[in-house]
Amino acid sequence: MYRSMDKLSSPVLLAVRETSGQTFGAFSSTAIRLSRCFYGTGETFLFSFAPELKVFKWTGSNTFFMKGDADLLVLGGGRGKFGLWLDGDLYHGGSDPCETFGNESLAPHEQFFIRDVEVWALA
């Protein structure tokens, strides 16, 4: 995923569907990239369709917007919990309430198996 976005500088929309069919994701005003620290802006948000659209905007409590390495992509954080995380193989993920977005869990269960992942670059 990182290689295909290496040259992008545009905002991205990340959508995940887990194996029970729940769909959720995130918008970031910055492209997804490898990083050692968190990056992004207050325009980043999480969303879910459970059963209707719910959007979780930045609370202003921290700037843990997004961080990615070869093993994990993380969106939102605080107190050891992540709003959304996906493993490096895009097979397994999780979602917890987090301080960054004040969100509820995006998935029916704290951890889930990924059925589909789509990322759109928005120009």
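What you are looking at is a predicted structure, and each value in this text was computed from that prediction instead of being measured.

Visitor: I'd like to hear about the pattern of salt bridges, residue by residue, with values.
Guide: Taken as a whole and judged by the stated rule, the model has 4 salt bridges. Across the pair Lys 67 and Asp 69 runs a salt bridge whose closest N-O atoms are separated by 4.0 Å. In this structure Lys 67 comes out as partly exposed when scored by relative accessible area, which is 23%. For Arg 79, the salt bridge goes to Glu 99, with nearest N and O atoms at 2.6 Å. One end of the pair, Arg 79, is in the loop between strand E6 (72-75) and strand E7 (84-87); the other, Glu 99, is in the loop between strand E8 (92-94) and strand E9 (111-121), with 20 residues separating them in the sequence. Under the relative-accessibility criterion, Arg 79 is labelled exposed at 78%.

Visitor: Run through the pairing of strand E1 (residues 12-18), naming residues and quoting values.
Guide: Residues in a regular strand project their side chains so that they alternate between the two faces of the sheet. E1 sits mainly inside the fold: 5 of its 7 residues count as buried. Here 6 bridges tie E1 to strand E2 (residues 23-28), and the two strands are oriented antiparallel to one another. By the bridge assignment, Val 16 is partnered in E2 with Phe 24. Where E1 folds back on E2, the antiparallel hairpin that results is connected by 4 residues, among which Gly 21 adopts a positive phi of roughly 100 degrees.

Visitor: For a nonpolar patch on the surface, give the residues involved together with the corresponding values.
Guide: Together, Phe 49, Leu 53 and Val 55 line one region of the surface with nonpolar side chains, adding up to about 260 Å² of accessible area. Among the structural elements, Leu 53 can be located in strand E4 (residues 53-57).

Visitor: Requested: an account of unusual backbone geometry, with residues and values cited.
Guide: Following Ala 50, the chain continues into Pro 51 via a peptide bond in cis, with omega recorded as -10 degrees. With respect to the helices, strands and loops of the structure, Pro 51 is situated in the loop between strand E3 (45-49) and E4. Its identity as a non-glycine residue notwithstanding, Arg 79 has a phi of 55 degrees, on the positive side. Despite not being glycine, Leu 90 shows a phi value in the positive range, around 55 degrees. Mapped onto the secondary structure, Leu 90 falls in the loop between E7 and E8.

Criteria and cut-off values
- Residues numbered from 1 in each chain as written.
- Predicted model: local features only at pLDDT ≥ 70, side-chain atom pairs only at ≥ 80, totals over all residues.
- Heavy atoms only, no water.
- Salt bridge = Lys/Arg side-chain N within 4 Å of Asp/Glu carboxyl O.
- Buried < 20%, exposed > 50% of the residue type's maximum accessible area, 1.4 Å probe, protein only.
- Helix = DSSP H or I, 4+ residues; strand = E, 2+ residues; numbered from the N terminus.
- Pairing = 2+ DSSP bridges.
- Patch = residues over 30% accessible without salt bridge, like charges linked within 9 Å, V, L, I, M, F, W, Y side chains within 5 Å.
- Areas by Shrake-Rupley, 256 points an atom, 1.4 Å probe, with all protein chains shown as cover.

All we've got here are geometric facts, nothing functional implied.
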